[in-house]
Amino acid sequence: LQLADAAAELDQPDSVRLLLEHGADPDTVLSHPSLWHSDRTALMYAAAKASAPVIEMLLAAGADPTVLDSQGFGVLDYLQGRGPSGPNPRLNAAEIERLSAGLPATDRTR
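Here's what I pulled together on the structure shown here. (Residues numbered from 1 in each chain as written. Predicted model: local features only at pLDDT ≥ 70, side-chain atom pairs only at ≥ 80, totals over all residues. Heavy atoms only, no water.)

1. Topic: the overall build of the chain
To keep things clear, this is the line we draw: A run of DSSP states H or I qualifies as a helix once it reaches four residues; a run of E qualifies as a strand once it reaches two. Both are numbered from the N-terminal end. Using C-alpha atoms as the atom set, the radius of gyration is obtained and then compared with a globule rule of 2.2 Å times the number of residues to the power 0.38.
Assigned secondary structure in the chain consists of six helices and zero strands. Starting at the N terminus, the α and β elements of the chain follow one another as α-α-α-α-α-α. By the compact-globule yardstick of 13 Å for 110 residues, the chain fits well, its C-alpha radius of gyration being 12 Å. With respect to the principal axes defined by its C-alpha atoms, the chain has extents near 35 × 35 × 20 Å.

2. Here we look at the nonpolar core
Short version of the rule: The set of buried Ala, Val, Leu, Ile, Met, Phe, Trp, Tyr and Cys residues whose side-chain atoms join them within 4.5 Å is what this entry labels a nonpolar core. Accessible area is worked out with a 1.4 Å probe on protein chains only. A residue is then buried under 20% of its type maximum, exposed over 50%, and partly exposed in between. Contact definition: two residues touch when any of their heavy atoms are within 4.5 Å.
Among the nonpolar cores identified, the biggest contains 29 residues, and Val16, Leu58 and Leu79 are the most heavily contacted of them. Those elements that place two or more of their residues in this core are helix H1 (3-9), helix H2 (13-21), helix H3 (42-49), helix H4 (52-60), helix H5 (75-79) and helix H6 (93-100). Top element by residues in this core is H3. It accounts for six residues. Non-local contacts of leucine 79, meaning those with residues more than four positions away in its chain, are made with Ala47, Ile55, Pro87, Asn88, Leu91, Ile96, Leu99, Ser100 and Leu103.

3. Describing the pattern of salt bridges
Applicable threshold: Salt bridge, as applied in this entry: a Lys or Arg side-chain nitrogen positioned within 4 Å of an Asp or Glu carboxyl oxygen.
Within this structure, the stated rule accounts for five salt bridges. Measuring nitrogen to oxygen at the nearest pair gives 2.9 Å for the salt bridge that ties arginine 17 to aspartate 14. With arginine 17 and aspartate 14 both in helix H2, this residue pair falls three residues apart, about one helical turn. The partly exposed category is assigned to arginine 17, whose relative accessible area is 36%. Here aspartate 77 makes a salt bridge to arginine 82, at a shortest N to O gap of 3.3 Å. For aspartate 77, a relative accessible area of 0% translates into the label buried.

4. Topic: the environment of lysine 49
Topologically, lysine 49 is positioned in helix H3. Residues lysine 49 and leucine 10, 39 residues apart in the sequence, show an inter-C-alpha distance of 7.1 Å. Not counting the four nearest positions on each side in its chain, lysine 49 is found in contact with Glu9, Asp11, Ser85, Asn88, Pro89 and Arg90.

Shown next as structure tokens:
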């Protein structure tokens, strides 16, 4: 369900929870030819724009933090502002650092 991507990006924890409870796959990839950074997952959208509870909910639901988008950017890149948008505006530096500690590095973050 691509609705999980939208709910994650819009920081809607209740919607994300409901979608996951009803079988949404947190690793569904959203691909669109008009996006330079295509092949994104709900976790990537959440890392870029959602609060810590949404990110943690997706990880707890089994979202794969090792998936890369079409340009080779991963969840850690999105969280730290190296993806197609700046740093996550809903998180402070301490939250970004705490969440980053549990995410794998990519070629972009090494």
